[in-house]
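# Remarks on the overall topology
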Amino acid sequence: MGDVLQVDFGQKRETVPVSQEGHTDADEAFVSAELRARGLPWGAGGTVLEHPVTTGAEIEAAVPGCAFNVLRTPLYAQHGDGPHDRTAIDSHVALLRDDTLAKVGIVGKKYGVVQPRSMWRIFDGMDVKWEQVGSLRGGSILYAVASVAKYDVVKGDTVEQLMMLWQALDGSGSVRVIPLGKRLICMNMMSATVRGVQGISIRHTRFAEQRLDFAAKALRRTQEDAVASSRVYQAMAGTRMSGKQFAEVCMKLIPDMPLDPETGEFAASNGKREANRDQLMANFATGVGQDIVGVQGTAWGALNAVTEFTTHQRSSKGGEGARVESNVLGSAQRFAGRAYQAIHAMVG
């Protein structure tokens, strides 16, 4: 690890032109690989843009399925077959897409909605280049991903700092920005919240007056996290960790089921838990990127054994959409957070 910390905040992207005629399969494969390297490693509900965009209008033109606002509509309880056999529910309203009239959420009557078309425009004028835009659960969750910086943990092992703009229209969360790290060689993902770094959010009720301040703070927070995370990960790459130590971490993360006090036997089978621990150990020994000089047998290698598991291998009900939610704000993110803390405690 050198004495000079280098973090590239350049957002320029080299484009690979593909002519409409005369291009080769190799050209197409190269462009496809370049596109797949952008944004999140999961394709669920998201569109990776061939040419990154900088404004909300460009987002809507590139991804029409995300170009909608929501309507508030009353809720009723039906208690008979007749048209008048219903009672108004005054405490809540339904939110519907204005393009398809599909329901995206049920929220309290006082809930203030940040309209999607306003959300996409939060960073207009700030030269943030959005590379991926998507929706989950039929539009209940909207997100966009921008690349902010890149840095090397060790030579040949590059991490890209991403900024994720996220909103849950179903009332489960406000508009927020979450810093994410993506290891390019394997597309392993880690939310900055794993290291205790919190994203920032904006209250729906004060969106209009807080928008510009929110955008500036969010971009600055993401850039600051790129510098902080590069130092943390480089320090981890300089810290040795044995297989025995990592096995102890795995047991802390996925302990055996408790013993039945009456029989002295395990209350349930540990087969799946053992298989998951074996997978983590395999990732630590031969996972993607472990062959890079300076990775294997380090705390950095251990952390990536875990993020390979949470990003690509850990079971997730609900397909890739559920995997996105789990890794950004759900159980996979919490699992990686426990791993980060356990690794630090072990080699501290």
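Everything quoted here is computed from the prediction, not taken from an experiment.

Bringing the overall build of the protein chain into the picture now. Looking only at helices and strands, the protein chain has 9 helices and 10 strands in total. Out of the 348 residues belonging to the protein chain, those deemed buried represent 45%. Sequence separation of 24 or more characterises 64% of the internal contacts of the protein chain that already satisfy a separation of 6 or more. Of the roughly 17000 Å² that the protein chain leaves accessible, carbon and sulfur atoms contribute 52%.

Outside of glycine, negative phi angles account for most residues, and trans bonds account for most peptide bonds. Even without being a glycine, Arg137 presents a positive backbone phi close to 55°. Inspection of the secondary structure assignment puts Arg137 in the loop between β5 (130–136) and β6 (141–154). Classification of Arg137 as partly exposed rests on a relative accessible area of 46%. We note that Met187 has phi near 65°; this positive angle belongs to a residue other than glycine. The residue Met187 is located in the loop between β8 (175–183) and β9 (188–191) in this model.

Another point: the confidence of the model for the protein chain. Within the protein chain, residue pLDDT values average 82, and 83% of them lie at 70 or more. Low pLDDT (under 50) marks residues 1–33, which in the prediction has 40 contacts with non-local residues, meaning those over four places away or in another chain.

Below, the discussion takes up helix α6 (residues 271–286). Every α-helix winds through 3.6 residues per turn, so residues three or four apart in the chain are directed the same way. The end-to-end C-alpha distance of α6, which contains 16 residues, comes to 22 Å, matching closely the 22 Å that a straight helix rising 1.5 Å per residue would cover. Every buried residue belonging to α6 is among Arg277, Leu280, Asn283 and Phe284, and all of these are buried. The arc enclosing the buried residues of α6, seen along the axis, measures out at 115°, which places them on a common side. Those residues of α6 that are exposed and angled more than 90 degrees off the buried face are Lys272, Asp278 and Thr286. The elements touched by buried residues of α6 are α5 (243–253), α7 (299–313) and α9 (331–347).

Neither face of β9 is left uncovered, since the one carrying Asn188 and Met190 and the one carrying Met189 and Ser191 both have all their residues buried. One ladder, built from 4 bridges, connects β8 with β9; its direction is antiparallel. Paired with Arg183 across the two strands is Asn188, which belongs to β9. Between β8 and β9, which follow one another and run antiparallel, lie 4 residues, and Met187 among them has a positive phi close to 65°.

Scanning all chains against the criterion turns up 5 aromatic pairs. Seen in terms of ring centroids, Phe246 and Phe284 are 4.7 Å apart; in terms of plane orientation they differ by 20°. Their pairing is stacked. Placement of Phe246 in helix α5 and of Phe284 in helix α6 is noted, with a sequence separation of 38 residues between them. For the pair formed by Phe246 and Phe284, the shared burial category is buried.

Now for the side chain of Thr307. As for its placement among the helices and strands, Thr307 is situated in helix α7. Apart from residues no more than four positions distant in its own chain, Thr307 is found in contact with Asn188, Met189 and Met190.

In the structure shown here, the tally under the stated rule is 10 salt bridges. Across the pair Glu60 and Arg117 runs a salt bridge, and its minimum N-O distance is 3.8 Å. Here Glu60, found in helix α2 (residues 56–62), pairs with Arg117, found in helix α3 (residues 116–119); they are 57 residues apart in sequence, far enough to count as distant. Assessed through its relative accessible area of 14%, Glu60 is described here as buried. In this structure, the salt-bridge partner of Asp170 is Arg137, at a minimum N-O distance of 2.9 Å. Here Arg137 lies in the loop between β5 and β6 and Asp170 lies in the loop between β7 (157–168) and β8, a separation of 33 residues in the sequence. Residues joined in a network through salt bridges with shared partners are Glu60, Arg117 and Arg121.

Conventions we followed
- Residues numbered from 1 in each chain as written.
- Predicted model: local features only at pLDDT ≥ 70, side-chain atom pairs only at ≥ 80, totals over all residues.
- Heavy atoms only, no water.
- Helix = DSSP H or I, 4+ residues; strand = E, 2+ residues; numbered from the N terminus.
- Buried < 20%, exposed > 50% of the residue type's maximum accessible area, 1.4 Å probe, protein only.
- Contact = heavy atoms within 4.5 Å.
- Areas by Shrake-Rupley, 256 points an atom, 1.4 Å probe, with all protein chains shown as cover.
- pLDDT = per-residue confidence, 0-100.
- Expected span 1.5 Å × (residues − 1).
- Arc of directions from axis to C-beta.
- Pairing = 2+ DSSP bridges.
- Phe/Tyr/Trp six-rings, centres within 6.5 Å; stacked < 30°, edge-to-face > 60°.
- Salt bridge = Lys/Arg side-chain N within 4 Å of Asp/Glu carboxyl O.

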